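Residues per chain are reported as follows:
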Amino acid sequence: MKPCPIKSTGPPPEASTRGGATPYVKKERAGFSDELFEKTGRRTVPYLEDPNNPQMSGMFESEDIIEYLLDTYSDRNSYDGKALWPMRGTFAVFTSTLATIARGLAGANLMDGARTDNTSMQPITVWGYECSPFVKPVRERLCELGLPHIVIPCSRGSENRAKLVELTGQQFQVPQIDDPNTGVGIFAESTDIVDYLTSTYTI
Ligand SMILES: N[C@@H](CCC(=O)N[C@@H](CS)C(=O)NCC(=O)O)C(=O)O
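- Within an unreviewed UniProt entry, the label attached to the chain reads GST N-terminal domain-containing protein, and the organism entered is Triparma retinervis.

1. A look at the overall build of the chain
- Helix and strand content of the chain: 6 helices and 6 strands.
- Reading the chain from its N end, one meets helices and strands in the order β-β-α-α-α-β-α-β-α-β-β-α.
- Classification of the 203 residues of the chain by burial places 12% in the buried group.

2. Describing the site of the ligand
- Inspection of the region around the ligand gives Ser132, Pro133, Phe134, Phe172, Gln173, Val174, Pro175, Ala188, Glu189, Ser190 and Thr191 as its neighbouring residues.
- A class-by-class count of the residues in the shell around the ligand yields 6 nonpolar, 4 polar and 1 charged.

3. Remarks on the nonpolar core
- Counting residues in hydrophobic clusters, the biggest one holds 16 residues, and the most contacted among them are Val138, Leu142 and Leu145.
- Contributions of two or more residues to this core are made by β3 (124-128), α4 (135-144) and α6 (190-201).

4. Observations concerning the confidence of the model for the chain
- Looking at the chain as a whole, its pLDDT mean stands at 88, while 86% of the residues score no less than 70.
- A low-confidence stretch, residues 8-27 stays under pLDDT 50, and its non-local contacts, those more than four residues away or across chains, total 24 contacts.

5. Structural notes on the sheet that holds strand β6 (residues 187-188)
- Strands sit in the order β4-β3-β5-β6 across an open sheet of 4 strands; the sheet is mixed. The strands lining the two open edges of the sheet, one partner per strand, are β4 (149-153) and β6.
- In terms of strand pairing, β3 meets strand β5 (residues 176-178) through 3 bridges, oriented antiparallel. Looking across to β5, one finds that Trp127 is bridged to Gln176.
- Sheet contacts for α4: β3, β4 and β5; angle to β3, the most-contacted strand, approximately 160°.

6. Description of the environment of His149
- Locating His149 in the fold gives a position in strand β4.
- His149 sits in the partly exposed class, given 18 other C-beta atoms within 10 Å.
- Through-space distance from the C-alpha of His149 to that of Met121 is 9.3 Å; in sequence the pair is 28 residues apart.
- If near-sequence neighbours (up to four positions away) are discounted, His149 is found in contact with Pro123, Ile124, Val126 and Leu142.

7. Side note on the pairing of β4
- The pairing of β3 with β4 spans 5 bridges and is classified as parallel. Paired with Gly128 across the two strands is Pro153, which belongs to β4.
- At this point the chain moves from β3, through α4, to the parallel β4, and the crossover so formed is right-handed.

8. A closer look at the packing of α4 against α6
- Contact geometry of α4 with α6 gives a least axis separation of 9 Å together with a crossing angle of 10°. Judged by the inter-axis angle, α4 sits roughly parallel to α6. Contacts from Pro137, Val138, Arg141 and Leu142 of α4 reach α6 at Ser190, Ile193, Val194, Leu197 and Thr198.

9. Focus: the environment of Cys143
- Here Cys143 is to be found in helix α4.
- For Cys143, a count of 17 C-beta atoms within 10 Å corresponds to the partly exposed category.
- Between the C-alpha atoms of Cys143 and Asn109, which are 34 residues apart in sequence, the distance is 7.7 Å.

10. Side note on unusual backbone geometry
- For the bond from Val45 to Pro46, the omega torsion is 10°, close enough to zero to count as cis.
- Its location among the elements puts Pro46 in the loop between α1 (33-40) and α2 (62-73).
- Here the residue pair Val174 and Pro175 is connected by a cis peptide bond, since its omega of 5° sits within 30 degrees of zero.
- Take Pro175: it is sitting in the loop between α5 (160-168) and β5.
- The residue Leu105 is not glycine, and still its phi comes out positive at about 60°.
- Examined against the element boundaries, Leu105 turns out to sit in the loop between α3 (89-102) and β3.
- Accessibility expressed as a C-beta count within 10 Å gives 13 for Leu105, which makes it partly exposed.
- In this structure, Glu189 takes a positive phi of about 80° despite not being glycine.

Calculation notes
Residues numbered from 1 in each chain as written. Predicted model: local features only at pLDDT ≥ 70, side-chain atom pairs only at ≥ 80, totals over all residues. Helix = DSSP H or I, 4+ residues; strand = E, 2+ residues; numbered from the N terminus. Buried ≥ 20, exposed ≤ 12 C-beta atoms within 10 Å, placed from the backbone. Near = placed C-beta within 6 Å. Nonpolar A, V, L, I, M, F, W, Y, C, P; charged D, E, K, R; others polar. Core = buried A, V, L, I, M, F, W, Y, C linked by C-beta atoms within 7 Å. pLDDT = per-residue confidence, 0-100. Contact = placed C-beta atoms within 7 Å. Pairing = 2+ DSSP bridges. Axes fitted to C-alpha atoms, helices over the stretch in contact; angles between N-to-C directions. Right-handed = clockwise from strand over helix to strand, strands pointing away. Parallel < 35°, antiparallel > 145°, perpendicular 65-115°, else oblique.

This is how it looks when you write it as structure tokens:
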């Protein structure tokens, strides 16, 4: 496990034990961090579980996760794996860290006023794709509010794009969200979505 380049701004770690024997360092974190800790004894992310593959018991290391996803969900003979080098290893961590710093560590901490029952909400569906500058602020705000969410990836070439168009009857555009907690219905425009999430899920 590599140390996260982004340091926590939370309170200092507090020692705790799990199972009465092994000492773990318990850090006070928001959102689902406690659930992850109870389940695995760790608080590092990413952590992957795959309900499509019950044999896979859970995975922490980002490189292992990428390998697992490529092995399980791609035809590795159909492309040159070396071409993925910018997405992997030190280069990927370095460039991702630059992006995170440029975004002011958005999404790293729970925002003031976030409702304490946010983690109990039904997952909000977000249609988007990772590199979209309009999707990013929405996902950051979901993290800052501690809201569970499901991302439907709509990268170019994905059939999810046609599904979104069919659902909305409008020209393709992301981000869009659907919030089953309020029944507001699917809607677009990143600034409207961020405003909606903030006003609905803060006190
Ligand atoms: N004003 C919109 C702009 C949304 C937008 O332009 N989204 C781009 C993604 S960055 C998009 O959906 N482009 C169409 C495409 O990817 O085919 C917002 O703030 O949400």
